[in-house]
Structures are given as structure tokens and as C-alpha cells.
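# Coordinate inspection notes
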Amino acid sequence: MTRIKKQRRAANLIVLDKTPKKKERLADPESYESRKQQALKKRKKKLSLYEKARQEAEQQARNDAAGRRGSQKLGPLADKIRRMNAEKKKAEATSDAEA
């Protein structure tokens, strides 16, 4: 006895006499092609090296104009680290003075 492979049987098979053209499919906002086109347009583009360098230069110029270093990190954690480093330097200075 041979085994019969299961086949997909479309009970409610819809047969279109005339398939829609690509322009019609793109015009319909719910079609696969139009959703794919929208996704491609929305996709985030990678910046070129030139653009990255230009943006970094602009950021550095803005930081210089604002009077702060661009590499300086601001925030509560940075303040805590600076405070701990200052205490450590003070402790080292006092231990060196005593010795």
C-alpha cells in the first residue's frame, strides 16, 4: 500500500479572470506591494562616512560655542564618579603628606 501525500485543497478557491496590474496593486493601500513600498521608504538609511563626520564636526562646534567639552559626560553617574575620584585623590594626598 502506498502512502499518499497530503495536498492542500482550497475549498473556497477564488479564481480571478483578470489579475490586477502592478499600478492597481500599488494604489491599494492594503496590498502587499504597497505595504512593501511604504516599508522601504520608512526604513532608516545609514549615513555615509562624510555625513557622520560632518555631524560630529557640527556637534563639536556647538559644544565649543556653548563653552563645554564635547567629551565631557553630564549626569548623576558622572557626578558621582567625579566626586569619588576627588575623594580618592584627597585621601592619597593626605597619606603622602603623612608619610
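Residue numbers run consecutively from 1 along every chain, following the written order of its sequence. For this predicted model, a pLDDT threshold of at least 70 governs which residues receive local features, and a threshold of 80 or more governs which side-chain atom pairs are given and counted, while totals over whole chains, interfaces and linings are taken from all residues. The basis for every side-chain value is the complete set of heavy atoms in the structure, and neither hydrogens nor water enter the calculation.

### Topic: the overall build of the protein
- Helical segments are the DSSP runs of H or I of at least four residues, strand segments are the runs of E of at least two, and each set is numbered from the N terminus. Looking only at helices and strands, the protein features 4 helices and 0 strands.
- Counting from the amino terminus, helix and strand elements in the protein follow one another as α-α-α-α.
- Computed over the C-alpha atoms, the radius of gyration of the protein is 33 Å, more than 25% above the 13 Å expected from 2.2 N^0.38 for a compact globule of 99 residues.
- Type-normalised accessible area, obtained with a 1.4 Å probe on protein chains alone, sets the label of each residue: buried when under 20%, exposed when over 50%, and partly exposed for intermediate values. With 99 residues in all, the protein has 4% of them scored as buried.
- Calculation of accessible area relied on Shrake-Rupley with a 1.4 Å probe; when residues are assessed, cover is drawn exclusively from the protein chains displayed. As displayed, the protein has an accessible area near 10,500 Å², and 54% of this comes from carbon and sulfur atoms. We compute the radius of gyration from the C-alpha atoms alone; for a globule the expected value is 2.2 Å times N to the 0.38, where N is the number of residues.

### Looking at helix 3 (residues 49-66)
- Given a helix with a known number of residues, its expected span is that number minus one, times 1.5 Å. An ideal rise of 1.5 Å per residue puts 26 Å on 18 residues; helix 3 measures up with 26 Å between its terminal C-alpha atoms.
- Backbone geometry just after helix 3 places G67 at a positive phi near 85°.

### Description of the pattern of salt bridges
- One speaks of a salt bridge when a side-chain nitrogen belonging to Lys or Arg is within 4 Å of a carboxyl oxygen belonging to Asp or Glu. Applying the stated criterion across every chain, the model contains 4 salt bridges.
- R54 is the partner of E51 in a salt bridge, and the nearest nitrogen-oxygen pair spans 2.9 Å. Taken together, the positions of E51 and R54, both in helix 3 and 3 residues apart, correspond to about one turn of that helix.
- Relative accessible area serves as the criterion here: at 24%, E51 is assigned to the partly exposed category.
- For R54, the salt bridge is made with E58, and the minimal N-O distance between the two is 2.5 Å. On the criterion of helical spacing, the pair formed by R54 and E58 is a turn pair, its members being 4 residues apart in helix 3.
- On the basis of relative accessible area, R54 is assigned to the partly exposed category, the value being 31%.
- For E58, a relative accessible area of 35% puts it in the partly exposed group.
- Through salt bridges that share partners, E51, R54 and E58 make up one connected network.

### A word on the side chain of S31
- Its place among the elements puts S31 in the loop between helix 1 (22-27) and helix 2 (32-42).
- In contact with S31, other than residues within four places in its own chain, are R25 and L26. Any pair of residues with heavy atoms lying within 4.5 Å of one another is described as a contacting pair.

### Focus: the environment of E56
- Inspection of the secondary structure assignment puts E56 in helix 3.
- With relative accessibility at 58%, the residue E56 sits in the exposed group.

### Points about the confidence of the model for the protein
- With 92% of its residues at a pLDDT of 70 or more, the protein has an overall mean of 85.
- Per-residue pLDDT, averaged within each element of the protein, yields its smallest value for helix 3 (89) and its largest for helix 2 (93). pLDDT expresses, on a scale from 0 to 100, how confident the predictor is about each individual residue.

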